[in-house]
Amino acid sequence: MYDPTAPAAPPPAYTGPRRILSGIQASGALHLGNYLGALKRFTELQDQGAPCFLFVADLHAITVWQDPALLAAQTREIAAAYLASGLDPARSVIFPQSAVRAHSELAWILNCVARLGWLDRMTQFKEKSGKHKERSSVGLYTYPVLQAADILLYKATEVPTGEDQKQHLELTRDIAQKFNTDFNAPGFFPLPEPLTQGPAPRVMSLRDGAAKMSKSDPSDQSRINLTDDSDTIAAKVRKARTDAEPLPETLEGLADRAEAKNLVTIYAALAGMSREAVLAEFGGQGFGVFKPKLAELAVASMAPVSSEMRRLMADTTEIDRVLRDGAERAAAIADPVVAEVKKIVGFWRG
């Protein structure tokens, strides 16, 4: 017998396969921070057997001005970084976002599901638009909905998420839930979960330990680019800003020493060690001892990646083949999802 006071049953959970999705914006000039925070983690997920969909976010890139003459080259550079970092196109689907038109189709439909108030709360738009939001593109304002489409298009169940993207993943979950509810399609879209494998290392500038390592920094000495050769990598580490004190023996001793903390963090991430273990090995020693060891480790870790990237970029035939194949594989999954969404929404089918 129906009891109106009884709590509503929860909607059916999504029962589809596990899928992990992420992407990197096609703006080129990747650096050590991108490698440790994203590329290395993607490769680890792949090697654990996770089904990964990894795209080059060229649609997201044009939310701010991009030189059309450079955009395709930047897309290839990101793809080269994927491959050079150990991603295997036979095990992971690697593709350009714009080559799968279903991304744009689903984004429009989800724009009509998302609410204006939800987007007004997105802090990244406020940060990126600054004081002149009226001059920003509409795409910059609505790109969190495109992000939701990227994720839901493949019915991704998990998304590697940094601190700055948690709000956008919550938006994706809200959009998925509203679509499922509004169109009486329980369990159609999953509610994707953030995937955390422990905190990603926060890699800071080699010239200023208070600023993130960034491609926009005017000083090339502030970052290790993924295309730097061995000599350049070693030289940048040797010239990295430090202080005159020896390394402490505990983490507490790094609290007010931003540059020292950054170099210890980089060493730990490259070596697969904890920062405590690094300080147990080098605590009490000066940077004259530590920097050469870090330079040696950085070259051993990064030089093979940069060498492979330069090889791939010298002849882009292999990159283009991987991207074409990946786009076909991605579309084979994405197109039926959009077709089903159109049916659910009630579009004419002829």
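Above: the structure in question.
The following refers to the structure shown. (Residues numbered from 1 in each chain as written. Predicted model: local features only at pLDDT ≥ 70, side-chain atom pairs only at ≥ 80, totals over all residues. Heavy atoms only, no water.)

**Examining the overall build of the chain**
Here comes step 1: When helices and strands are tallied, the chain shows 13 helices and five strands.
Here comes step 2: On C-alpha atoms alone, the chain measures out to a radius of gyration of 22 Å, which is about the 20 Å that the 2.2 N^0.38 rule sets for 350 residues.
Here comes step 3: Along the first, second and third principal axes, the C-alpha set of the chain runs to 75 × 55 × 45 Å.
Here comes step 4: Looking at the chain as a whole, 48% of its 350 residues are labelled buried. (Helix = DSSP H or I, 4+ residues; strand = E, 2+ residues; numbered from the N terminus. Rg over C-alpha atoms; globule rule 2.2 N^0.38 Å. Buried < 20%, exposed > 50% of the residue type's maximum accessible area, 1.4 Å probe, protein only.)

**A word on helix α13 (residues 317-345)**
Here comes step 1: For α13, spanning 29 residues, the distance from its first C-alpha to its last is 41 Å, which sits close to the expected 42 Å at 1.5 Å a residue.
Here comes step 2: Its maximal kink placed at Ala 331, α13 deviates by approximately 30 degrees.
Here comes step 3: For α13, the full list of buried residues reads Ile 319, Asp 320, Val 322, Leu 323, Gly 326, Ala 327, Ala 330, Ala 331, Ala 334, Val 337, Val 338 and Val 341. (Expected span 1.5 Å × (residues − 1). Bend = angle between axes of the 7 residues up to and from the residue.)

**Focus on the pattern of salt bridges**
Here comes step 1: Using the criterion set out here, one finds 15 salt bridges in the structure.
Here comes step 2: With a closest N to O distance of 3.2 Å, Glu 318 and Arg 311 form a salt bridge.
Here comes step 3: When its relative accessible area of 44% is taken as the criterion, Arg 311 is described as partly exposed.
Here comes step 4: Bridged by salt links that share partners, the residues Asp 220, Arg 223, Asp 228 and Lys 236 form one connected network. (Salt bridge = Lys/Arg side-chain N within 4 Å of Asp/Glu carboxyl O.)

**Focus on the environment of Leu 263**
Here comes step 1: Among the structural elements, Leu 263 can be located in helix α10 (residues 258-271).
Here comes step 2: A sequence separation of ten residues divides Leu 263 from Gly 253, and the C-alpha atoms of the two residues are 14 Å apart.

**Re the pairing of strand β3 (residues 93-96)**
Here comes step 1: Here β3 shows no split at all, with Val 93 and Phe 95 on one side and Ile 94 and Pro 96 on the other all buried.
Here comes step 2: By the bridge criterion, four bridges tie strand β2 (residues 52-57) to β3 in an arrangement that is parallel. When the sheet's bridge partners are listed, Val 56 is paired in β3 with Pro 96. (Pairing = 2+ DSSP bridges.)

**Remarks on the pairing of β2**
Here comes step 1: The buried count for β2 comes to six of six residues, which makes it a mostly enclosed element.
Here comes step 2: In terms of strand pairing, strand β1 (residues 20-25) meets β2 through six bridges, oriented parallel. By the bridge assignment, Ile 20 is partnered in β2 with Cys 52.

**Concerning the side chain of His 60**
Here comes step 1: Tracing the backbone through its elements, the reader meets His 60 in helix α2 (residues 58-61).
Here comes step 2: Once you skip the residues sitting within four places of it in the chain, His 60 turns out to touch Gln 25, Gln 97, Tyr 143, Leu 146, Gln 147 and Asp 150. (Contact = heavy atoms within 4.5 Å.)

**A word on the packing of α10 against helix α12 (residues 287-314)**
Pairs of packed helices are described in terms of their axes, by the angle between the two and the distance that separates them.
Here comes step 1: Two elements in contact, α10 and α12, have axes whose closest approach is 10 Å; the angle formed by their N-to-C orientations is 40 degrees. Here α10 lies oblique to α12, going by the angle between them. For the pair α10 and α12, the sense of crossing is left-handed. Across the interface between the two elements, Ala 260, Leu 263, Val 264, Ile 266, Tyr 267, Leu 270 and Ala 271 of α10 pack against Phe 287, Phe 290, Lys 291, Lys 293, Leu 294, Leu 297, Ala 298, Ser 301 and Met 302 of α12.
Here comes step 2: Each residue belonging to the contact of α10 with α12 can be placed in one class, and the counts come to 13 nonpolar, one polar and two charged. (Axes fitted to C-alpha atoms, helices over the stretch in contact; angles between N-to-C directions. Parallel < 35°, antiparallel > 145°, perpendicular 65-115°, else oblique. Left-handed = near helix turned anticlockwise from the far one by under 90°. Nonpolar A, V, L, I, M, F, W, Y, C, P; charged D, E, K, R; others polar.)

**As for the side chain of Ser 85**
Here comes step 1: For Ser 85, the location among the structural elements is in the loop between α3 (68-84) and β3.
Here comes step 2: Assessed through its relative accessible area of 10%, Ser 85 is described here as buried.
Here comes step 3: Polar contacts involving the side chain of Ser 85 include one to the main-chain carbonyl oxygen of Ala 81, which spans 2.7 Å.
Here comes step 4: Every residue in contact with Ser 85, bar those within four places of it in the chain, is listed here: Tyr 35, Leu 39, Thr 43 and Val 305. (Polar contact = N/O pair within 3.5 Å; in protein donor to acceptor, adjacent residues only side chain to side chain.)

**Focus: the environment of Leu 254**
Here comes step 1: Assignment of secondary structure puts Leu 254 in the loop between α9 (230-238) and α10.
Here comes step 2: Measuring from C-alpha to C-alpha, the distance between Leu 254 and Met 273 comes to 17 Å, with 19 residues separating the pair along the chain.
Here comes step 3: Discounting chain neighbours no more than four positions away, the residues touching Leu 254 are Pro 248, Ala 260, Lys 261, Val 264 and Leu 279.

**Let's talk about the nonpolar core**
Here comes step 1: With 62 residues, the main nonpolar core has Leu 32, Tyr 82 and Phe 290 as its most contacted residues.
Here comes step 2: If one sorts the elements of this core by residue count, α12 sits on top with ten residues.
Here comes step 3: Once residues within four sequence positions are removed from consideration, Tyr 82 is found in contact with Gly 23, Ile 24, Leu 39, Phe 42, Leu 54, Phe 55, Val 56, Leu 87 and Ile 94.
Here comes step 4: Listed in part, the 47 residues of the second largest apolar core include Leu 59, Val 100, Phe 125 and Ala 156. (Core = buried A, V, L, I, M, F, W, Y, C linked by side-chain atoms within 4.5 Å.)

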